[in-house]
Amino acid sequence: MSDLTTQVRAFAEERDWQQFHTPKNLAMALAGEVGELLAEFQWLTPEQASAVMEDTEAAARVRAEIGDVMIYLTRLADVLGIDLVEAALTKLDEVAVRYPVHQVKGSAAKR
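The rules we used
Residues numbered from 1 in each chain as written. Predicted model: local features only at pLDDT ≥ 70, side-chain atom pairs only at ≥ 80, totals over all residues. Heavy atoms only, no water. Salt bridge = Lys/Arg side-chain N within 4 Å of Asp/Glu carboxyl O. Buried < 20%, exposed > 50% of the residue type's maximum accessible area, 1.4 Å probe, protein only. Patch = residues over 30% accessible without salt bridge, like charges linked within 9 Å, V, L, I, M, F, W, Y side chains within 5 Å. Areas by Shrake-Rupley, 256 points an atom, 1.4 Å probe, with all protein chains shown as cover. Helix = DSSP H or I, 4+ residues; strand = E, 2+ residues; numbered from the N terminus.

This paragraph deals with the pattern of salt bridges. Inspection of every chain in the model, using the stated rule, returns 4 salt bridges. A salt bridge links Arg-15 to Glu-14; the shortest N-O distance between them is 3.3 Å. Taking the relative accessible area as the measure of exposure, Arg-15 reaches 37% and is therefore partly exposed. Among the residues examined, Glu-14 registers a relative accessible area of 65% and is labelled exposed. Each of the salt bridges in this network shares a partner with another, and the network as a whole consists of Arg-9, Arg-75 and Asp-78.

On to a nonpolar patch on the surface, then. Taken together, Met-1, Met-70, Val-85, Leu-89 and Leu-92 make up a surface patch of nonpolar side chains, about 450 Å² in accessible area. For the nonpolar patch, the leading source of residues is helix α5 (residues 84–98), giving 3 residues. Secondary-structure assignment places Met-1 in the segment before α1 (2–14). The partly exposed category is assigned to Met-1, whose relative accessible area is 40%.

Have a look at this one:
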């Protein structure tokens, strides 16, 4: 993860884009990229969505959009000084307490 962060930071610095990479701008760009990812699944049946990676062209688009989401998320976390892996692991621990296996297994109900 640190290699990706370093590469994304260098990419922005080489282009003098850090001046535009405010948390607000990065969060908005991230939301836009997530929207583009969602568009790849819009109107698909659950079965079609599950099989999207079997279609070469659709798989390439989904892979590219996930790449964009990851880049913007990585850059946003870097600008904010957040360790993405640590944040994810902390959140996973919190959710495990909120949704104990013995109480929620097989259920999608929100708590």
